[in-house]
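# Working through the structure, step by step
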Amino acid sequence: MAMKKRTKGNITAPSLPGKDMLAEVNNNEAGNIYNSLFAKNRKVEYDNKDIALVNIRTNPDNQIFRAMDDDEDIRILAEDIKRNGLMHNLVVFPEQEEGSTVYVLLSGERRFRALNYLQEKGDATWNIVNCNVVTTPLTENEKKVLLYSANLQVRGGFSDEAIRRQAIAEFITCLQREPYNMSREEALNATKSVSTVNPRTIERDARIEEKLKGKLKTLLNDKFLTRSECETYLRFEADKQDEIANRFEKLQAVDCHSDDAESAGKNYVEVLRDTLHDAFRELLYDAQRQGTTKEYEAAYEKAIGYFDDGLADLSAKADEYGRVKASSKPEEISAINYEGKKEAAKGSVIQKNVPQMVKKLNKTYSSKAFVKALKGVSKESRDADVAALNEIIEISTKLKNIIEAIE
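Predicted model, so just to flag it, every value in this text is computed and none were measured. (Residues numbered from 1 in each chain as written. Predicted model: local features only at pLDDT ≥ 70, side-chain atom pairs only at ≥ 80, totals over all residues. Heavy atoms only, no water.)

A word on the overall build of the protein. Counting its secondary structure elements, the protein contains 18 helices and 6 strands. In the protein, which comprises 407 residues, the proportion classed as buried is 44%. At a minimum sequence separation of 6, the contacts of the protein that also span at least 24 residues come to 72%. (Helix = DSSP H or I, 4+ residues; strand = E, 2+ residues; numbered from the N terminus. Buried < 20%, exposed > 50% of the residue type's maximum accessible area, 1.4 Å probe, protein only. Contact = heavy atoms within 4.5 Å.)

Time to look at the nonpolar core. In terms of nonpolar packing, the biggest core is built from 36 residues, with Tyr 233, Ile 244 and Phe 248 touching the most fellow members. Of all elements in the fold, only α10 (214-221), α11 (227-233), α12 (238-252), α13 (268-288) and α14 (293-327) reach the threshold of two or more residues within this core. It is α14 that contributes the most residues to this core, 10 residues altogether. Contact partners of Phe 248, with chain neighbours within four places excluded, come to Leu 219, Phe 224, Leu 225, Glu 229, Tyr 233, His 277, Phe 280 and Phe 307. Formed by 33 residues, the second largest nonpolar core is a distinct cluster that contains Val 134, Met 182, Val 197 and Ala 206. (Core = buried A, V, L, I, M, F, W, Y, C linked by side-chain atoms within 4.5 Å.)

Time to look at the side chain of Asn 132. The residue Asn 132 is located in strand β6 (residues 128-134) in this model. Here Asn 48 takes part through its side chain, which lies 3.1 Å from a polar atom of the side chain of Asn 132. Side-chain polar atoms of Asn 132 contact the side chain of Asn 89, separated by 3.4 Å. (Polar contact = N/O pair within 3.5 Å; in protein donor to acceptor, adjacent residues only side chain to side chain.)

Glancing now at the pattern of salt bridges. This structure, assessed with the given rule, holds 26 salt bridges. Between Arg 75 and Glu 72 there is a salt bridge, and its shortest N-O distance comes to 2.4 Å. Pair noted here: Arg 75 and Glu 72 are both in helix α4 (residues 71-84), with a separation of 3 residues, about one helical turn. Between Arg 204 and Glu 394 there is a salt bridge; the shortest N-O distance is 4.0 Å. Residue Arg 204 is found in helix α9 (residues 199-211), and its partner Glu 394 is found in helix α18 (residues 379-405); the two are separated by 190 residues along the sequence. Here Arg 204 falls in the buried class, since its relative accessible area comes to 14%. Through salt bridges with shared partners, one network takes in Glu 161, Arg 165, Glu 209 and Lys 217. (Salt bridge = Lys/Arg side-chain N within 4 Å of Asp/Glu carboxyl O.)

In terms of burial, helix α8 (residues 184-194) is a largely internal element, 8 of the 11 residues being buried. Residues Ala 187, Leu 188, Asn 189, Ala 190, Thr 191, Lys 192, Ser 193 and Val 194 constitute the buried set of α8.

Moving on, we get to the environment of Gln 241. As for its placement among the helices and strands, Gln 241 is situated in helix α12. Through-space distance from the C-alpha of Gln 241 to that of Gly 214 is 9.6 Å; in sequence the pair is 27 residues apart. Apart from the residues lying within four places of it in its own chain, the contact partners of Gln 241 are Leu 216, Tyr 233, Leu 234 and Phe 236.

Right, let's get into the packing of aromatic side chains. Scanning the model with the defined rule gives 8 aromatic pairs in all. A centroid spacing of 5.2 Å and a plane angle of 55° characterise the contact between Phe 248 and Phe 280, whose relative ring orientation is tilted. Taken together, the residues span a long stretch of sequence, with Phe 248 in helix α12 and Phe 280 in helix α13 at a distance of 32 residues. Taking the relative accessible area as the measure of exposure, Phe 248 reaches 0% and is therefore buried. (Phe/Tyr/Trp six-rings, centres within 6.5 Å; stacked < 30°, edge-to-face > 60°.)

Right, let's talk about the environment of Phe 236 for a bit. Among the structural elements, Phe 236 can be located in the loop between α11 and α12. The buried category is assigned to Phe 236, whose relative accessible area is 3%. Once residues within four sequence positions are removed from consideration, Phe 236 is found in contact with Gln 241, Ile 244, Leu 284, Ala 287, Gln 288, Tyr 296 and Tyr 300.

Turning our eyes to something else, we now look at the packing of helix α7 (residues 161-175) against α8. Where α7 contacts α8, the two axes come as close as 9 Å, and the packing angle between them is 130°. What the angle tells us is that α7 and α8 run oblique. Crossing angle aside, the handedness with which α7 passes α8 is right-handed. Here Ile 168, Phe 171, Ile 172 and Leu 175 of α7 lie close against α8, whose contacting residues are Arg 184, Ala 187, Leu 188, Ala 190 and Thr 191. (Axes fitted to C-alpha atoms, helices over the stretch in contact; angles between N-to-C directions. Parallel < 35°, antiparallel > 145°, perpendicular 65-115°, else oblique. Left-handed = near helix turned anticlockwise from the far one by under 90°.)

Once that is clear, we can look at the confidence of the model for the protein. Residues with a pLDDT of 70 or more make up 81% of the protein, whose mean pLDDT is 82. The secondary-structure element of the protein with the lowest mean pLDDT is strand β1 (residues 10-11), recorded at 36, while strand β3 (residues 56-57) shows the highest, at 97. Residue range residues 1-39 is modelled with pLDDT below 50. Its contacts to residues more than four positions away, or to other chains, number 81 contacts. (pLDDT = per-residue confidence, 0-100.)

The residue after Glu 178, namely Pro 179, is reached through a cis peptide bond having omega 0°. The residue Pro 179 is located in the loop between α7 and α8 in this model. You will see that Glu 98, though not glycine, has its phi angle at about 55°, which is positive. Mapped onto the fold, Glu 98 is located in the loop between β4 (90-97) and β5 (100-107). The phi angle at Asn 181 is positive, at roughly 55°, despite the residue not being glycine. Within the secondary structure, Asn 181 sits in the loop between α7 and α8. The class for Asn 181 is partly exposed, based on a relative accessible area of 43%.

Next up, the structure:
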C-alpha cells in the first residue's frame, strides 16, 4: 500500500485518541466515562505535514514502552513498511530546539525507528515522512496521556508484566491530574476501556503497583517473585513484609555457580534454592489461612524459622558445590547435580500439598449443592472465586514449566 496522500488543513477527527476514535474502540460504559471527560476539556486538532526524519525526536515518556522493542522487531516492521508502505502517520507535536523547530513523537516511535533503519540501509524513500502535527497547545500531562493511550491500545497484553504494571499505574495517575481530574475509580475504568488488557488484570496490576513497596517491588520487577505471591505478602503487616523481603533478598543473593554450560537445566544449587523459595512461600500462605491471631503468629514464626535454617543449609551446599565445580571433572559435577535434584524432590512441597487440594476441589466440583448454592452468591463473591482459581492456574503453570525444564 502506498503512503497516505497528503491532505491540507486541520484534521478534526484525529486517530489518536480523540473522542470519535475512542467511542469506536470503547463502546462500553467505562469507555464513555473517558470519552465524555476528554470531550469536556478540549478537541485535539492536527495539521498534516511532510517532515524530514532528522527533524523528528523520540519522546522521553516513551522509554517505558521502548524497552519492549528489540532490533529484530524493528527490522521486521521496516521490511513490512518497505513492502506495503506506511499505513499510519506518525503523530508529533512541535518543540523549539536551539532556535529551530523540531517535532517530538506522540505516536509511532516503532515506525520512526523502522524508517530510520531503512534510511540507514540506503533507502532514501523515507527521508521525508508524512505526519499529523498536533496544533492544539497541550500540557505535559495531556501529551503523556495521548502517548500512553496510544501504547495501551496497540500493545495488546504486553510481553513484560513489569512494564505493563508500571504503564497502567502511571496512566491512571495522569488521568487524575489536570485537566482530566478523574477520580481513581474513573481513571481505572478509563484505562480498562482504552487498553486491550483483561480488566481483572488491570485491576490487579494497578493494586500491586500502588501498594507494593520497597524491596518486594524490586524483587517482583526482577522476576524473582511472582505477582500472585506478592499479592499474598501484601496481606502481612508492614514489618512482616520487610522481614519477608529481606529473606527473599538473601535467597536471591545466593551464588548458584551457574554458567552457560548448564543451560540445559538448573544445577544442584538452583534447584535447592527454588525448593526453599516454594516451601517458604507455601508456609507464608499457610500463616494467612490461620483462624486466630495466636495461630497466625505461630505459623508465621514457623515460616521464618524454616527459611533461616534452610538458607544456612543452602549457603553451605552452595559453597561446597562451588568448590566441587572449581576442581572436579564434568562427570563429577553431573553426578552431584543429579543427586541434588533427587534430594530436592524428596522434600517436594508440591507432592505434599497438591493431592489434598485436588481432593477438596474435586469434592466441590462433584457437588450438586455447590452449583445450586452459586445462584444465591453475589457477583463479587463469584469473581473472587474465579480470581482465586486463576491464581492457582497461574502458579501451577509456572511450577510445571520449572519442573519440565529440568533434565
